[in-house]
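Structural overview
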Amino acid sequence: MIKFEGFDFVPNGVCAPKDFLASGIHVGIKANSSPDKKDLALIYSRKPCTAAAVYTQNQVKGAPIAICKQNLQNKTAQAVIVNSGNANTCNADGEQKAQMMCDLAAEALGIDPKDVIVSSTGVIGKIMPIEPIQQHIKELAAALNEHGNTDAAEAIMTTDTVSKEVAVTFDLGGVPCTIGGMAKGSGMIHPNMATMLCFITTDVAIKPDLLQSALTRVVDDTFNMVSIDGDTSTNDTCAIMASGTAGNPIIDTMNGPEFQKFVDGLYIVLMNLSRKIAADGEGATKLLECTVSGAVNIQNAKRIAKGVITSTLFKCAMFGEDANWGRILCAIGYSQADLNIDQVEVILYSKAGSILVCQHGSGVAFSEELAAEILKEDEIKIIVNLKDGDGEAIAWGCDLTYDYVKINGDYRT
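Residues numbered from 1 in each chain as written. Predicted model: local features only at pLDDT ≥ 70, side-chain atom pairs only at ≥ 80, totals over all residues. Heavy atoms only, no water.

1. Quick word on the nonpolar core
Among the nonpolar cores identified, the biggest contains 76 residues, and Leu215, Phe262, Leu266, Leu270 and Ile382 are the most heavily contacted of them. Ranked by residue count, the leading element in this core is helix H6 (residues 257-279), at 11 residues. Residues in contact with Leu266, not counting those within four places in the same chain, are Ile179, Ile200, Ala214, Leu215, Val218 and Ile240. Counting 27 residues, the second largest nonpolar core, distinct from the first, contains Tyr44, Ala98, Cys102 and Leu140. (Core = buried A, V, L, I, M, F, W, Y, C linked by side-chain atoms within 4.5 Å. Buried < 20%, exposed > 50% of the residue type's maximum accessible area, 1.4 Å probe, protein only. Helix = DSSP H or I, 4+ residues; strand = E, 2+ residues; numbered from the N terminus. Contact = heavy atoms within 4.5 Å.)

2. Notes on the sheet that holds strand S14 (residues 379-385)
With respect to topology, six strands assemble into an open sheet ordered S13-S12-S11-S14-S10-S15, the strand pairing being mixed. Edge positions in the open sheet fall to strand S13 (362-363) and strand S15 (391-398), since each of these has one partner strand only. Two strands pair when backbone bridges link them, and strand S11 (residues 345-350) and S14 are joined in this way by five bridges, in the antiparallel orientation. Residue pairing across strands places Ile347 opposite Ile383, the latter belonging to S14. Those strands touched by helix H7 (residues 298-310) are strand S10 (287-295), S14 and S15, and its axis lies near 20 degrees from that of S15. Contacting S11, strand S12 (353-359) and S14, helix H10 (residues 368-375) runs over the sheet at an angle of about 120 degrees to S12. (Pairing = 2+ DSSP bridges. Axes fitted to C-alpha atoms, helices over the stretch in contact; angles between N-to-C directions.)

3. As for the pattern of salt bridges
The full count for this structure, using the stated rule, is 19 salt bridges. In this structure, Lys164 engages Asp280 in a salt bridge whose closest nitrogen and oxygen atoms are separated by 2.7 Å. One end of the pair, Lys164, is in strand S6 (residues 164-172); the other, Asp280, is in the loop between H6 and S10, and 116 residues separate them in sequence. For the pair Lys164 and Asp280, a shared accessibility class is recorded, and that class is buried. One salt bridge in this structure joins Glu379 and Arg275, with 3.0 Å as the shortest N-O distance. Of this pair, Glu379 sits in strand S14 while Arg275 sits in helix H6, placing them 104 residues apart in sequence. Classification of Glu379 by relative accessible area gives partly exposed; the value is 27%. Accessibility expressed as a relative area gives 11% for Arg275, which makes it buried. (Salt bridge = Lys/Arg side-chain N within 4 Å of Asp/Glu carboxyl O.)

Now the structure itself:
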């Protein structure tokens, strides 16, 4: 993971901040699923929290999103319930089932149903079975504990091969504070809040509008800069609960250093989760990171970085360990960004070394043997310098492999 000065990684994910508990169990939401596969998760704060969220920009949205938006109108929450195995999307009774999940969690926890964030992930268009949740909700609540973060993170996985958790500690005004997060995402992932489910906890005291502003800002620079396959999901949700139990002076303005430090901490958590998602793309063998500098502005830098990381041809070349830099230039060109192609420079980099493959918008002589060694590594950086301004951006993706087709060829069966 990538660390920044003044922030330290700690264990326990969403349970790292004070007074947060979590659990994850198997209830059998997906027919014939293995009893070893956890599929229902719960996160609970001992006290009501300030809350915020962002959602997919797909016009077809999962039913839980509608209920989530209703519940978060008061900008408070105390729990998250989320299942895998069924997306509860495009179902006539979807919102009813999502509301029932909130009601069941609230009854088991002794809180208001409006203080529950609900989410689902899995197959689209299959009726959501509520009976397994009804039968096991008390067991799920009883399993809540200060070290239940990994069980919860595993319970939201679908085609993910590893669970994804990050937590950091830092000081705000001399007070130790913590932000923890867990995420799932492996396929149907493309920029514009279309990567995954992510749930974040923090013990920082912060005003609701500032919490929403921080989340929106950081998601735009992290999750919105990830692409696996160009498909924008229907259920993506990124929600955060802030309990204030750290005891820091409440953050009530954007102008002070405390807000910026909170944003930095949130960025570290979501950026590292973004990298984990990209590295665990369906069938992936390589994490790809495209860094763009020298752009006219940030918007152009983001457009180019996304264009490169999303290019199917380029992703295939990385799987084949082929330094086909022309595909990078092609993606830069169709990104519709404002640039001078005659100034573009491209470098390929990994822990095996680096190699200049393009300068002044044209190819240069380079060692194919060295390039092949660089591209054998499991993390490849594509460094693009436009030499035209101060705009910078980073995007993350993965290679496109035979296994991606296999996984998605029989996803329902």
